[in-house]
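Observations on the three-dimensional arrangement
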Amino acid sequence: MTSVIARSTGSTLHHIKRCWSGSLIGGKQCIRPSALPQSVVRNGSVPVCPFGTKFSVMGKPKVVFVLGPPGSGKGTQCEKIVKEFGYTHLSAGDLLREERNREGSEYGALIEDNIKNGRIVPVEITCALLENAMNKTTEATGNDRFLIDGFPRNEDNLQGWTKKMADKVEQQFVLFFECSEQQCTERCLKRGESSGRSDDNAESLKKRFNTYINDTVAIIKHYEELQLVKKIDASAGPDEVFEHVKAIFCEQK
């Protein structure tokens with residue numbers, strides 16, 4: 001533990017600064033309840049943050065799943081959450097694309113075939129990539145709060161995550177961005193003009209949306225039954241949507 005803290009002095013100071021900071025909503029300061037320390041413990045000359053981070057021995061990584069149809073603005077909103085609330089954004093799709101492009105990857109061809117055809121990559125691969133990314137981030141920065149974007153997307157994903165990761169993390173809630181197929185498709189096609197993504201085209205988008213309807217909607221309903229879903233109308237512009245997102249995060253304890 002000491003060696004991790006020693007390597008992360010700068011990030012620790014940054015984290016403590018963020019913990020004491022608040023967000024302004026409607027002219028009022030919103031202090032995140034989970035970010036209010038009762039004390040600041042010092043290990044030598046290095047400040048240690050004692051409330052639910054890597055530096056807390058018993059703490060588990062805190063996870064927010066971010067779900068919604070393709071083009072609902074998940075990535076855009078995650079960027080804003082990262083800046084405002086200090087979470088680390090892990091996109092399941094981005095991790096899979098990085099692994100696909102990694103030289104020598106034994107899963108590259110399999111991942112590409114699934115992505116291109118709008119199918120869901122085997123859960124064992126996705127969970128392994130997510131866990132590895134979380135471990136590396138926490139070790140390097142001390143940050144233990146994660147937005148997992150685009151996962152779980154089907155029952156197999158859910159069962160795989162539950163079996164492999166549920167006991168290792170603290171599930172905070174599911175952030176669900178709701179948006180119509182027509183608007184999502186228009187957004188993705190516009191993004192495809194410059195994104196270079198092989199799945200930002202009309203044919204792949206139709207398959208991806210069908211996968212969302214047939215598989216992911218059931219996952220959202222599952223979490224609704226557990227009263228873990230925070231639903232956002234994603235049809236508005238990104239800044240307006242984020243005002244609602246901020247309110248949800250400020251409610252968290």
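These figures come from a predicted structure and were not determined experimentally.

Considerations on the overall build of the protein
When its secondary structure is counted, the protein shows 10 helices and 9 strands. Put simply, the protein has 253 residues, and 47% of those count as buried. For the protein, restricting intrachain contacts to residue pairs at least 6 apart in sequence, the fraction spanning at least 24 positions comes to 75%. In the form shown here, the protein has an accessible surface area of approximately 13,000 Å², with 50% of it arising from carbon and sulfur atoms.

Brief notes about the nonpolar core
Core analysis: the biggest nonpolar cluster contains 52 residues, and I81, F151, W161, L175, V245 and F249 have the highest contact counts within it. Per element, the largest residue contribution to this core is 7 residues, and it comes from helix α6 (residues 123–141). With sequence-adjacent residues up to four places away left out, V245 is seen in contact with Q77, I81, L175, F177 and I232.

Details of the layout of surface pockets
Any space left empty among the atoms is revealed by the rolling of a water-sized probe across them. Computed from the structure, the largest pocket encloses a volume of approximately 870 Å³. Along the wall of the largest pocket there are 45 residues; nearest its centre are P70, K74, D149, R197 and R208. Elements represented by at least two residues in the lining of the largest pocket include exactly α3 (74–85), β6 (88–91), α4 (92–101), α5 (108–116), α8 (181–195), α9 (202–225) and α10 (238–251). Ranked by residues supplied to the lining of the largest pocket, first place goes to α4 with 5 residues. Here the residues of the lining of the largest pocket are counted per class, giving 16 nonpolar, 18 polar and 11 charged.

Notes on α10
Over its 14 residues, α10 extends 20 Å from the first C-alpha to the last, a length consistent with the 20 Å expected when each residue adds 1.5 Å. Among the residues making up α10, those that are buried are V241, F242, V245, K246, I248, F249 and C250.

Remarks on the UniProt feature "binding site: CMP" (unreviewed entry) in the protein
The feature "binding site: CMP" (unreviewed entry), as annotated in UniProt, sits at N157 in this numbering. Inspection of the secondary structure puts N157 in helix α7 (residues 155–164). A relative accessible area of 2% places N157 in the buried class. Look past the residues within four positions of N157 in its chain and what remains in contact with it is I120, V121, V123, F151 and P152. Of the polar contacts made by the side chain of N157, one reaches the backbone nitrogen of R153; its length is 2.9 Å.

Observations regarding the pattern of salt bridges
Scanning the model with the defined rule gives 17 salt bridges in all. Between D144 and K62 there is a salt bridge, with its nearest N and O atoms 3.9 Å apart. Of this pair, D144 sits in the loop between α6 and β7 (145–149) while K62 sits in strand β5 (residues 62–67), and the two are 82 residues apart along the sequence. Accessibility assignment for this pair places D144 and K62 in one class, buried. A salt bridge links K207 to E203; its shortest N-O distance comes to 3.6 Å. In this pair, K207 and E203 are both assigned in helix α9, 4 residues apart and thus about one turn of the helix distant. Here E203 falls in the exposed class, since its relative accessible area comes to 56%.

A word on the packing of α4 against α6
Interaxial distance between α4 and α6 falls to 10 Å at its minimum, and their mutual angle equals 100°. Taken together, α4 and α6 sit at an angle that is classed as roughly perpendicular. Residue-level inspection shows A92, L95, L96 and E99 of α4 in contact with α6, the latter providing I125, T126, L129, L130 and A133. Here the residues of the contact of α4 with α6 sort into 7 nonpolar, 1 polar and 1 charged.

Notes on the environment of C78
Of note, C78 is situated in helix α3. You can call C78 buried: its relative accessible area is 1%. Taking the C-alpha atoms as reference points, C78 and D149, 71 residues apart in sequence, are found 7.9 Å from one another. Those residues in contact with C78 that lie beyond four places of it in its chain are V66, H89, L147 and D149.

Structural notes on a negative patch on the surface
Together, E178, E224, E225, D233 and E240 line one region of the surface with negative charge. Relative to the helices and strands, E240 is located in helix α10.

Calculation criteria
- Residues numbered from 1 in each chain as written.
- Predicted model: local features only at pLDDT ≥ 70, side-chain atom pairs only at ≥ 80, totals over all residues.
- Heavy atoms only, no water.
- Helix = DSSP H or I, 4+ residues; strand = E, 2+ residues; numbered from the N terminus.
- Buried < 20%, exposed > 50% of the residue type's maximum accessible area, 1.4 Å probe, protein only.
- Contact = heavy atoms within 4.5 Å.
- Areas by Shrake-Rupley, 256 points an atom, 1.4 Å probe, with all protein chains shown as cover.
- Core = buried A, V, L, I, M, F, W, Y, C linked by side-chain atoms within 4.5 Å.
- 1 Å grid on protein atoms, 1.4 Å probe; cavity = no way out; pocket = protein on both sides within 12 Å on 5 of 7 lines; lining within 4 Å.
- Points joined across faces, edges and corners; volume = space filled by probe spheres on them.
- Nonpolar A, V, L, I, M, F, W, Y, C, P; charged D, E, K, R; others polar.
- Expected span 1.5 Å × (residues − 1).
- UniProt positions renumbered as here; feature names shortened; annotations may be inferred.
- Polar contact = N/O pair within 3.5 Å; in protein donor to acceptor, adjacent residues only side chain to side chain.
- Salt bridge = Lys/Arg side-chain N within 4 Å of Asp/Glu carboxyl O.
- Axes fitted to C-alpha atoms, helices over the stretch in contact; angles between N-to-C directions.
- Parallel < 35°, antiparallel > 145°, perpendicular 65-115°, else oblique.
- Patch = residues over 30% accessible without salt bridge, like charges linked within 9 Å, V, L, I, M, F, W, Y side chains within 5 Å.
- Lys, Arg positive; Asp, Glu negative; His and termini not counted.
- Charge placed at Lys NZ, Arg CZ, Asp CG, Glu CD.

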